[in-house]
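# Topology and contacts: notes
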Amino acid sequence: MSSIELTDRQKQIISIVRERQPIASTEIAGVLGLSRAALRADLSVLCLSGNLIAKPKVGYCINGTPPQEAFERQVREMLVGDVKSMPVVVDEKDSVYDALVALFLDDASTVFVLSEGYLAGLASRKDFLKAAIGGRDLQKIPVGVIMTRMPNIVVAFPQESILEAAKRIVMHQIDSLPVVETHENKGRPAYRVVGTLSKTNLARLFVELGK
Ligand code: ADP
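These notes cover the structure that comes with them. All residue numbers refer to positions counted from 1 along the written sequence of the respective chain. In keeping with the predicted nature of the model, local features appear solely for residues at pLDDT of at least 70, side-chain atom pairs appear and are counted solely at 80 or more, and the whole-chain, interface and lining totals rest on all residues. As a rule here, side-chain values come from all non-hydrogen atoms in the structure, and water together with hydrogens is ignored.

## Observations regarding the pattern of salt bridges
Here the idea is simple: oppositely charged side chains can pair when their charged atoms come close. Heads up, the rule is: Salt bridge, as used here, is a side-chain nitrogen of Lys or Arg placed within 4 Å of a carboxyl oxygen of Asp or Glu. The helix count covers DSSP runs of H or I at least four residues long, the strand count covers runs of E at least two residues long, and both are numbered beginning at the N terminus. For each residue, the accessible area found with a 1.4 Å probe, counting protein chains only, is set against the maximum for its type, and the residue is called buried under 20%, exposed over 50%, and partly exposed in between.
Counted by the stated rule, this structure contains 7 salt bridges. Residues Asp42 and Arg9 are paired through a salt bridge, measuring 2.9 Å at the closest nitrogen-oxygen approach. Pair noted here: Asp42 is in helix α3 (residues 36–48) and Arg9 is in helix α1 (residues 8–20), with a separation of 33 residues, a long-range link. According to the relative accessible area criterion, Asp42 is buried, its value standing at 10%. For Arg9, a relative accessible area of 32% puts it in the partly exposed group. Three or more residues joined by partner-sharing salt bridges are found here, namely Arg125, Asp175 and Lys199.

## Focus on the sheet that holds strand β4 (residues 110–115)
Under the convention used in this document: Only strands that DSSP links by at least two bridges are regarded as paired with each other. Residues count as neighbours in contact if any of their non-hydrogen atoms are within 4.5 Å of one another. Helix axes are fitted to C-alpha atoms over the stretch in contact, other axes to C-alpha atoms as well, and angles between N-to-C directions run from 0 to 180 degrees.
The strand order β3-β4-β5-β6 describes an open sheet built from 4 strands, whose pairing is mixed. A strand with exactly one partner marks an edge of an open sheet, and here the two such strands are β3 (89–91) and β6 (148–149). Along the sheet face, helix α7 (residues 125–133) touches β4, β5 (118–124) and β6 and points at about 70° away from the line of β5.

## Focus on a nonpolar patch on the surface
For clarity, the threshold we go by: Every patch collects residues that have over 30% relative accessible area and no salt bridge, joining them within 9 Å if they carry like charges and within 5 Å if they are nonpolar side chains (Val, Leu, Ile, Met, Phe, Trp, Tyr). Accessible areas in this description were obtained via Shrake-Rupley with a 1.4 Å probe; residue shielding takes into account the shown protein chains only.
On the surface, a cluster of nonpolar side chains totalling about 300 Å² of accessible area is made up of Tyr97, Val101 and Leu105. When you line up the elements, Leu105 lands in helix α6 (residues 96–105).

## Considerations on the site of the ligand
Definition in use: Nearness is judged by heavy atoms alone; a residue qualifies as near a molecule or strand once a single heavy atom is within 4 Å of it. Here a polar contact is taken to be a pair of N or O atoms separated by no more than 3.5 Å, where protein atoms must pair a possible hydrogen donor with a possible acceptor and residues adjacent in sequence count only if both atoms sit in side chains. With a 1 Å grid spanning the protein atoms alone, the term cavity applies to any set of points in which a 1.4 Å probe fits but cannot get out, the term pocket to an open set with protein on both sides within 12 Å along at least five of seven lines, and the term lining residue to any residue with an atom within 4 Å of a point. Should more than half of a molecule's atoms lie within 2 Å of a pocket's or cavity's grid points, that molecule is taken to sit in it. Throughout this entry, Asp, Glu, Lys and Arg are counted as charged residues, while Ala, Val, Leu, Ile, Met, Phe, Trp, Tyr, Cys and Pro are counted as nonpolar. The remaining residues, Gly among them, count as polar.
Close to the ligand lie 15 residues, the nearest being Ser124, Lys126, Asp127, Thr148 and Asp175. In this structure, an oxygen atom belonging to the ligand sits 2.6 Å away from a side-chain N or O atom of Ser124. Between the ligand and Lys126 there is a distance of 2.7 Å, counted from an oxygen atom to a backbone nitrogen or oxygen. Burial of the ligand by the protein chains amounts to 83% of its free accessible area of 550 Å². When atoms are counted within 2 Å of each cavity's grid points, the one that captures over half of the ligand is the second largest pocket. Elements with a minimum of two residues in the shell around the ligand: β5, α7 and β7 (176–185). In the shell around the ligand, the residues fall into 6 nonpolar, 5 polar and 4 charged.

## Notes on the pairing of strand β8 (residues 188–198)
Inspection of the sheet shows β7 paired to β8 by 10 bridges, in the antiparallel sense. Residue pairing in the sheet places Val179 in a bridge with Gly195 of β8. Remark: 2 residues form the turn of the hairpin made by β7 and β8, two consecutive strands paired antiparallel; Lys186 in that turn has positive phi of roughly 55°.

## Points about the layout of surface pockets
Going by this rule: Grid points are joined across faces, edges and corners, and a volume is the space filled by probe spheres set on the points.
The volume enclosed by the largest pocket comes to roughly 720 Å³. Around the largest pocket, the lining comprises 25 residues; the ones closest to its centre are Glu19, Arg20, Gln21, Pro22 and Gln74. At 6 residues, helix α4 (residues 67–77) tops the list of elements feeding residues into the lining of the largest pocket. Here the lining of the largest pocket is built from residues that sort into 11 nonpolar, 4 polar and 10 charged. The volume enclosed by the second largest pocket comes to roughly 420 Å³. Around the second largest pocket, the lining comprises 17 residues; the ones closest to its centre are Leu122, Ser124, Asp127, Ile174 and Asp175. Looking at the lining of the second largest pocket, the elements with two or more residues in it are β5 and α7. Tallying contributions element by element places α7 first for the lining of the second largest pocket, with 4 residues.

Written out as structure tokens, the structure reads:
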């Protein structure tokens, strides 16, 4: 590879390509807030110097990165916060019936249960089924009674790697993790729920990366 001195903008282009390869020039231009024409000279320099390669109809890639390695790096570097989706949350005093309705309406597999706004537990489809089979009046029992509760909840944090969180889903054989931020409540650490990471999120990501 050539040892020519690169400008700051060219270095920036390389890091954008490294992160998102293969990437079209229009997309690089979009990230930098420039026109495609304004980028043309930089892209030529980067290709001629051997830093980038332009694959017709595919986009720009870092020269010498095998596709497998690019894929692995993308997975390793992706954060839970990039992939999480909206959580379904209810209060521990809400009835099992109301929590079940929330689960249905939002097409989720798990509801996260809060106490004073902080994570107290969660209830999955199986937990609801167990409660229903028990023959109790679901309108009368609070969801807090049937949930799996803290501190036995496996969580994920927005800034951690998606790979580590996915391993936890596999290891614990569960459908989803609440994505949480740590706060303090009455002098003790407590979790605020800011999202969910589910098997569906991971399947969607897999399809995206496979493209
Ligand atoms: P399903 O009910 O569809 O089988 P899961 O496999 O996710 O869904 O849940 C199985 C059991 O594990 C349930 O009792 C549920 O409360 C519990 N569970 C689910 N997610 C978690 C989690 N993140 N942390 C701790 N326990 C969980």
